[in-house]
Amino acid sequence: MNPDASTIAAGAPIEVDLSPVAEGQDIKVFWRGKPIYISHRTKKQIEEARAVNVASLPDPQTDEARVKSGHDQWLVVIGICTHLGCIPIAHEGSYDGFFCPCHGSVYDTSGRIRQGPAPSNLPVPPYQFVSDTKIQIG
Amino acid sequence: MSGPSDYQPSNPALQWIERRLPIFGLMHSSFVAYPTPRNLNYWWTFGAILSFMLGMQILTGVILAMHYTPHADLAFKSVELIVRDVNYGWLLRNMHAVGASMFFVAVYVHMFRGLYYGSYKEPREVLWILGVIIYLLMMATGFMGYVLPWGQMSFWGATVITNLFSAIPYVGESIVTLLWGGYSVGNPTLNRFFSLHYLLPFLIAGVVVLHVWALHVAGQNNPDGVEPKTEKDTVPFTPHATIKDMFGVACFMLLYAWFIFYMPNYLGDADNYIPANPGVTPPHIVPEWYYLPFYAILRSIPNKLAGVVAMFGAIIILCFLPWLDAAKTKSSKYRPLAKQFFWIFVVVCILLGYLGAQPPEGIYVVAGRVLTVCYFAYFLIVLPLLSRIEKPRPVPNSISDAVLAKTGSRSTPMVSTAILLALAGSLFAGSIDSAKASEGSDTPPGNKWSFSGPFGTFDRGALQRGLKVYKEVCSSCHGLSYIAFRNLAEAGGPGYSVAQASAFASEYKVKDGPNDAGDMFERAGRPADYFPSPFPNEQAARAANGGAAPPDLSLITKARSYKRGFPWFIFDVFTQYQEQGPDYVTALLQGYEEKVPEGVTIPEGSYYNKYFPGHAIKMPKPLSDGQVTYDDGSPTTVAQYAKDVTTFLMWTAEPHMEARKRLGFQVFVFLILFAGLMYFTKKKVWASSH
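All of these numbers come straight from a predicted model, not from anything done at the bench. (Residues numbered from 1 in each chain as written. Chains lettered and ligands numbered in written order. Predicted model: local features only at pLDDT ≥ 70, side-chain atom pairs only at ≥ 80, totals over all residues. Heavy atoms only, no water.)

A few points about a nonpolar patch on the surface
Residues and elements named next belong to chain B.
So, point 1. A surface patch of nonpolar side chains, amounting to about 740 Å² of accessible area, comprises L14, W16, I17, L21, I23, L26, M27, F31 and V32.
So, point 2. Looking at the nonpolar patch, the elements that each hand over two or more residues are α1 (12-20) and α2 (23-31).
So, point 3. For the nonpolar patch, the element with the highest residue contribution is α2, accounting for 4 residues.
So, point 4. Relative to the assigned elements, M27 resides in helix α2. (Patch = residues over 30% accessible without salt bridge, like charges linked within 9 Å, V, L, I, M, F, W, Y side chains within 5 Å. Areas by Shrake-Rupley, 256 points an atom, 1.4 Å probe, with all protein chains shown as cover. Salt bridge = Lys/Arg side-chain N within 4 Å of Asp/Glu carboxyl O. Helix = DSSP H or I, 4+ residues; strand = E, 2+ residues; numbered from the N terminus.)

In structure tokens, the structure reads:
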């Protein structure tokens, strides 16, 4: 009952062009049926993400570990709440990150869990920069 | 099923079979000669009611499966086509969907009855555990059935529930992938759920056979909790229990029919009339009502794994009930303390159910935690403790003694229950205020609709005018894709003739093809064609309308609702109020205001609407006075347009509503007569036994 061959083939890597995404904006793309949020973060958002004491987080992880160095403004996360799989809404909640409307989990500008029942941060999908304005997810 | 039978059929053909397979003897000893305690009350008829419901679900389900398509792109539409085009499809669908709820109503009564009268105690432990297994199977079946229509709640309910398994350490993620058959809930998930939804009811039927077998070996419990000793304590199953069960089933069918014919959508969620969309999570994900107490337990625990464990634990704990409650006295009738705690437990379950439907914030979270503790405390603290400290009242020597002493029974005042109910009442009252304050949009005002109530019919004039408003105004952005031109000439609709519907259809250009040259071409519409949509796909609709796709209007009056709140949702069952959708749509069309109130900011490209959730709507004010001309002299005002087009859209959402209500009346007349007949027959049969 595991995924069949066509489902696996359809889950091959995809390329996303980032050039139309302005600072402060984000886009949602689908990969393997999952929504992937790609946020072009502002300076303020990056600073907020880096100013917290990592040890105080429920799932400690630095912002640097969650983005690709040299491309710090780009946050790429799987937009599925780690609690029970709803899609969080971007730019909502008290940490200017993501807010899940189902059971009230709040994520910060680095997609890390800050408040609510979700056990861990929004996962970062496997991806790399093909060029400065293009990434490959998968 | 209890031992060899000495039954001999008189017919020689049956005798021939009986010698080779003693099936008639089995039937005779199980359902005819079987001794049943003579003091059983009506709570004992729920076993028969449950068998009836299981049969009903399997029968309607098998027929529905003949018309249903288990594919992510087609499932939603195929359900709509069942309701619209299959002969009595609306009836089958309502019977099956409402039947699931009624099945759970009956099973909860049955379980609480077992709890109250101690039916799980020695020697009925296995019987009880088999019952818990049936209940678990029912929950799985019900959940997978709810996924099949592939609406928004189906999809997101499936996502949330399958994700519960990801909480299991180490193997959780692989289990979830196995359930999905992919990387997320999708077409493979729908396919396997359909397969399992078809399989599980037959497993249930199998376990029911074991359940009945165990029942007939151990014998039925009874309200006094003393085992039958002599023949005077029992009566033969047929005709005594049979006729009583038939009366019980007839009464239950009245309730069932009330929902099938008059309130088919009351127990469902409006969001499930919106096709599944993996990109948008509905603001409130609420499971079906029968899972709500367990959902509340899940949400009240802030840790994911612990929450899932608590939720499943709340059901599994029932298996251990025979050993948690060691009291020798079975029936709570003779246990003054256990009786009171039982009723408190019932209230706790109902309150948990109420909380499961509320947003997880503020007072609801705190209340949920308190009640979760109460739920588990009942099983883990109260029952074990009571069996040690409680002094039960003396039980009668035998069932016949109990029946004779019945006249002298006194009712205990249940003070604690009254206090608890009062507390619950104030909790409800408090929660309404907070809920009202937190909601941003105004409640739409009620309207007088010609189609409301048990004898409601559509106003033909309003339907025809509403069609005109749709055609001249709405149709430039909104589709009506489930309505074919032929529907306009069908009974219970706008009342056009077949020729008029054909003429109406021919005014439209419909895309067809490919022709022999392989090209698509346009031709005049025919009655069998559906209303063409203004945009080729959702993305085009979105792009042309500033990012918000205008929804298809076929189902809009059933897909929109607003929260009625306590206590209105209880009154609605009796008043048959189910016009939230039409009230909302008509209010929305008139809810535009030029002046934006203070404190509300409306983004560029949006408009202020008093009744739209969040107030910022992308649709500009669609109607203005005098915009559409009416031939019948009706006022050409926005209010009239709104009302007419809403009536029309109510018909598009529920084209067989008139047939439904008409048949409902006939069914009610029949059922009331049937139940009366059963009641008097039952009285006659039991006259000698009382």
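Now that the structure has been shown, we can carry on.
Quick word on the domain arrangement of chain B
Residue and element names in this part refer to chain B.
So, point 1. Domain boundaries assigned for chain B yield domain 1 (1-29), domain 2 (39-405 + 415-434) and domain 3 (460-483 + 530-654).
So, point 2. With centres defined by C-alpha atoms, the gap from domain 2 to domain 3 works out at 37 Å.
So, point 3. With 21 residues of domain 2 at the contact, the number on the domain 3 side is 22 residues.
So, point 4. Of the roughly 1,900 Å² buried between domain 2 and domain 3, counting both surfaces, carbon and sulfur atoms make up 57%.
So, point 5. On the domain 2 side of the interface with domain 3, the three residues burying the most area are R84, Y266 and Y273, jointly 28% of the side's total.
So, point 6. Connecting domain 2 to domain 3 are 0 salt bridges.
So, point 7. Linking domain 2 with domain 3 are 6 residue pairs in polar contact (both at pLDDT 80 or more).
So, point 8. Among the secondary structure elements, those contributing two or more residues to the side of domain 2 that touches domain 3 are α4 (75-85), α10 (237-262) and α17 (415-438).
So, point 9. A class-by-class count of the residues in the side of domain 2 that touches domain 3 yields 15 nonpolar, 2 polar and 4 charged. (Domains from an automatic or database assignment. Contact = heavy atoms within 4.5 Å. Buried area = accessible area lost by both parts, 1.4 Å probe. Polar contact = N/O pair within 3.5 Å; in protein donor to acceptor, adjacent residues only side chain to side chain. Nonpolar A, V, L, I, M, F, W, Y, C, P; charged D, E, K, R; others polar.)

Some remarks on empty space enclosed by the protein
So, point 1. In total, this model carries 8 cavities of 30 Å³ or more according to the counting rule given.
So, point 2. Size it by volume and the largest cavity reaches roughly 1,000 Å³.
So, point 3. H96, A97, G145, Y146 and H197 of chain B are the residues nearest the centre of the largest cavity, which is lined by 46 residues in total.
So, point 4. Counting only elements with at least two residues in the lining of the largest cavity, the list comes to α3 (46-65), α4, α5 (89-116), α6 (125-147) and α9 (187-218) of chain B.
So, point 5. Split into classes, the residues belonging to the lining of the largest cavity amount to 28 nonpolar, 12 polar and 6 charged.
So, point 6. Here the second largest cavity defines a volume of roughly 90 Å³.
So, point 7. Looking at the second largest cavity, it is lined by 15 residues, and the ones nearest its centre are S39, R41, Q45, H91 and D96 of chain A.
So, point 8. Tallied by class, the residues present in the lining of the second largest cavity amount to 3 nonpolar, 8 polar and 4 charged. (1 Å grid on protein atoms, 1.4 Å probe; cavity = no way out; pocket = protein on both sides within 12 Å on 5 of 7 lines; lining within 4 Å. Points joined across faces, edges and corners; volume = space filled by probe spheres on them.)

Regarding the nonpolar core
A general trend in soluble globular proteins is that nonpolar side chains are found buried together.
Residue and element names in this part refer to chain B.
So, point 1. One finds Y135, F294, Y375 and F379 to be the most contacted residues of the largest nonpolar core, which totals 133 residues.
So, point 2. At 15 residues, α5 tops the list of elements feeding residues into this core.
So, point 3. The residues contacting F294, other than those within four sequence positions of it, are Y108, Y135, M139, M311, A314, I315 and Y375.
So, point 4. If you look at the next biggest cluster of nonpolar residues, it comprises 40 residues, including F451, V638, Y641 and L649. (Core = buried A, V, L, I, M, F, W, Y, C linked by side-chain atoms within 4.5 Å. Buried < 20%, exposed > 50% of the residue type's maximum accessible area, 1.4 Å probe, protein only.)

Notes on the interface of chain B and chain A
So, point 1. With 24 residues of chain B in contact, the opposing surface of chain A contributes 22 residues.
So, point 2. A buried area of about 2,000 Å², summed over both sides, lies between chain B and chain A, and 63% of it is on carbon and sulfur atoms.
So, point 3. When the buried surface of chain B facing chain A is broken down by residue, L178, Y183 and K304 of chain B rank first, second and third, together holding 33% of it.
So, point 4. At the boundary of chain B and chain A, one finds 0 salt bridges.
So, point 5. Applying the counting criterion to the chain B and chain A interface returns 7 residue pairs in polar contact (both at pLDDT 80 or more).
So, point 6. The leading source of residues in the side of chain B that touches chain A is helix α7 (residues 152-164) of chain B, at 5 residues.

Some thoughts on the layout of surface pockets
Residue and element names in this part refer to chain B.
So, point 1. Of the pockets and cavities examined, the second largest pocket occupies roughly 1,100 Å³.
So, point 2. Around the second largest pocket, the lining comprises 48 residues; the ones closest to its centre are G47, A48, H110, H211 and L215.
So, point 3. Of all elements in the fold, only β1 (35-37), α3, α5, α6, α9 and α10 reach the threshold of two or more residues within the lining of the second largest pocket.
So, point 4. It is α10 that contributes the most residues to the lining of the second largest pocket, 8 residues altogether.
So, point 5. A per-class count over the lining of the second largest pocket returns 28 nonpolar, 16 polar and 4 charged.

Some points on the packing of aromatic side chains
All names here are of chain B.
So, point 1. Under the definition given, this model contains 59 aromatic pairs over all chains.
So, point 2. Seen in terms of ring centroids, Y68 and F194 are 5.2 Å apart; in terms of plane orientation they differ by 50°. Their pairing is tilted. With Y68 in the loop between α3 and α4 and F194 in helix α9, this pair connects stretches of sequence that are 126 residues apart. Neither Y68 nor F194 differs from the other in exposure class; each is buried.
So, point 3. When the ring of F345 is compared with that of F379, the centres are 5.2 Å apart and the planes differ by 80°; the resulting orientation is edge-to-face. Note that F345 is positioned in helix α14 (residues 336-356) and F379 in helix α15 (residues 363-389), a separation of 34 residues in sequence. Comparing F345 with F379 shows no difference in burial state: the two are buried.
So, point 4. Counting every residue linked through ring pairs, the aromatic cluster contains W44, F112, Y116, Y117, F342, W343, F345, Y375, F376, Y378 and F379. (Phe/Tyr/Trp six-rings, centres within 6.5 Å; stacked < 30°, edge-to-face > 60°.)

What about the pattern of salt bridges?
So, point 1. Inspection of the entire model under this criterion finds 28 salt bridges over all chains.
So, point 2. A salt bridge links R486 of chain B to E490 of chain B; its shortest N-O distance comes to 3.4 Å.
So, point 3. For R486 of chain B, a relative accessible area of 26% corresponds to the partly exposed category.
So, point 4. A relative accessible area of 29% means that E490 of chain B is categorised as partly exposed.
So, point 5. If you follow the salt bridges from partner to partner, you end up with R41, R50, D63, E64 and D72 of chain A in one network.

Some thoughts on the environment of E654 of chain B
Residue and element names in this part refer to chain B.
So, point 1. Tracing the backbone through its elements, the reader meets E654 in the loop between α24 (638-653) and α25 (657-686).
So, point 2. E654 gets classed as buried once you look at its relative accessible area, which sits at 9%.
So, point 3. Separated by 571 residues in the primary sequence, E654 and V83 have C-alpha atoms spaced 8.6 Å apart.
So, point 4. Beyond its immediate stretch of four places on either side in the chain, E654 contacts N265, F458, K558 and R660.
So, point 5. Separated by 3.1 Å, the side chains of E654 and K558 make a polar contact.

Comments concerning helix α12 (residues 304-316) of chain B
Since there are 3.6 residues in each turn of an α-helix, residues three or four apart along the chain are aligned in direction.
Residue and element names in this part refer to chain B.
So, point 1. The terminal C-alpha atoms of α12, which comprises 13 residues, lie 18 Å apart, in line with the 18 Å expected from a rise of 1.5 Å per residue.
So, point 2. All of the buried residues in α12 are K304, G307, V308, A310, M311, A314 and I315. One side of α12 carries all its buried residues, which in axial view fall inside an arc of 160°.
So, point 3. As for α12, its buried residues are in contact with α6, α7, α11 (292-300) and α15. (Expected span 1.5 Å × (residues − 1). Arc of directions from axis to C-beta.)

What about the sheet that holds strand β7 (residues 106-107) of chain A?
Residues and elements named next belong to chain A.
So, point 1. Taken in spatial order, the 4 strands line up as β5-β6-β7-β8 in an open sheet, and their pairing is antiparallel. Edge strands, defined here as strands with exactly one partner in the open sheet, are β5 (89-90) and β8 (113-115).
So, point 2. As defined by bridge partners, strand β6 (residues 98-99) adjoins β7 across 2 bridges and the pair is classed as antiparallel. Of the residues in β7, the one forming a bridge with F99 is V106. (Pairing = 2+ DSSP bridges.)

Examining the environment of N41 of chain B
So, point 1. Tracing the backbone through its elements, the reader meets N41 of chain B in the loop between β1 and α3.
So, point 2. The residues touching N41 of chain B, leaving out its near neighbours within four places in the chain, are Y117, P223 and K244 of chain B.

With respect to the UniProt feature "domain: Cytochrome c" (unreviewed entry) in chain B
So, point 1. Residues annotated by UniProt as "domain: Cytochrome c" (unreviewed entry) correspond here to residues 461-593 of chain B.
So, point 2. The span residues 461-593 of chain B carries 38% helix and 6% strand; its end-to-end C-alpha distance comes to 29 Å. (UniProt positions renumbered as here; feature names shortened; annotations may be inferred.)

Concerning the packing of α1 of chain B against α2 of chain B
Residues and elements named next belong to chain B.
So, point 1. It is the contact of α1 with α2, at a shortest axis distance of 7 Å, that shows an interaxial angle of 90°. By the angle between their axes, α1 is roughly perpendicular relative to α2. Of α2, the residues touching α1 (which contributes L14, I17 and E18) are I23, F24 and G25.
So, point 2. Across the contact of α1 with α2, the residue classes tally to 4 nonpolar, 1 polar and 1 charged. (Axes fitted to C-alpha atoms, helices over the stretch in contact; angles between N-to-C directions. Parallel < 35°, antiparallel > 145°, perpendicular 65-115°, else oblique.)

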